[in-house]
Amino acid sequence: MTAREPRLEIEYCTQCRWLLRAGWTAQELLTTFTTELGEVALIPGTGGVFDVRLGGETLWSRKEQGGFPELAALKQLVRDRIAPDRDLGHTDRHRKASPQ
């Protein structure tokens, strides 16, 4: 069996019981990018990990960024790499309206 591209990976900590958070994040990304994502993999890990990778590139690391990703921001990170011309609707308008 071969992997479908692009492959998004969510590595989550089993010790912290973050499977539901990882599953919810995967569901949201698959719902938003129904035709653009080839697959989403949930990867069990340990030590407080919650990393999101796309094609081997780390988009979000809980340890590096100091927490969990805001879903709107994560959707924008994914979109910018797999469908840069795509409008994310209210997600884009909400983020553009927020002070930086």
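Before reading on, note that the structure itself is shown above.
Residues numbered from 1 in each chain as written. Predicted model: local features only at pLDDT ≥ 70, side-chain atom pairs only at ≥ 80, totals over all residues. Heavy atoms only, no water.

Novice: Residues and numbers for the pattern of salt bridges, please.
Specialist: Proximity of charged atoms lets side chains of opposite charge pair with each other. Evaluation of the coordinates by the stated rule reveals nine salt bridges. The shortest N-O distance in the salt bridge between Asp51 and Arg53 comes to 3.9 Å. Residue Asp51 is classed as buried on the basis of its relative accessible area, which comes to 14%. Taking the relative accessible area as the measure of exposure, Arg53 reaches 15% and is therefore buried. Between Glu57 and Arg81 there is a salt bridge; the shortest N-O distance is 3.1 Å. In this pair, Glu57 sits in strand β4 (residues 57–61) while Arg81 sits in helix α3 (residues 71–82), placing the two residues 24 residues apart along the sequence. (Salt bridge = Lys/Arg side-chain N within 4 Å of Asp/Glu carboxyl O. Buried < 20%, exposed > 50% of the residue type's maximum accessible area, 1.4 Å probe, protein only. Helix = DSSP H or I, 4+ residues; strand = E, 2+ residues; numbered from the N terminus.)

Novice: Before we move on, can you summarise the packing of aromatic side chains with the specific residues and values?
Specialist: According to the stated counting rule, one finds two aromatic pairs in the structure shown. For the ring pair Trp18 and Phe68, a centre distance of 4.8 Å and an interplane angle of 85° mean the geometry is edge-to-face. Of this pair, Trp18 sits in the loop between β1 (7–13) and α1 (19–32) while Phe68 is found in the loop between α2 (62–65) and α3, placing the two residues 50 residues apart along the sequence. Residue classification places Trp18 among the buried residues on the basis of a relative accessible area of 15%. Residue Phe68 is classed as partly exposed on the basis of its relative accessible area, which comes to 26%. Look at Phe50 and Phe68: their rings are 5.1 Å apart centre to centre, the planes differ by 75°, and that puts the pair in the edge-to-face class. Of this pair, Phe50 sits in strand β3 (residues 50–54) while Phe68 sits in the loop between α2 and α3, and the two are 18 residues apart along the sequence. Among the aromatic side chains, those forming a connected cluster through ring pairs are Trp18, Phe50 and Phe68. Against the face of Phe68 rests Arg21, its NZ or CZ located 3.6 Å from the ring centre. (Phe/Tyr/Trp six-rings, centres within 6.5 Å; stacked < 30°, edge-to-face > 60°. Lys NZ or Arg CZ within 6 Å of the ring centre and 35° of its normal.)

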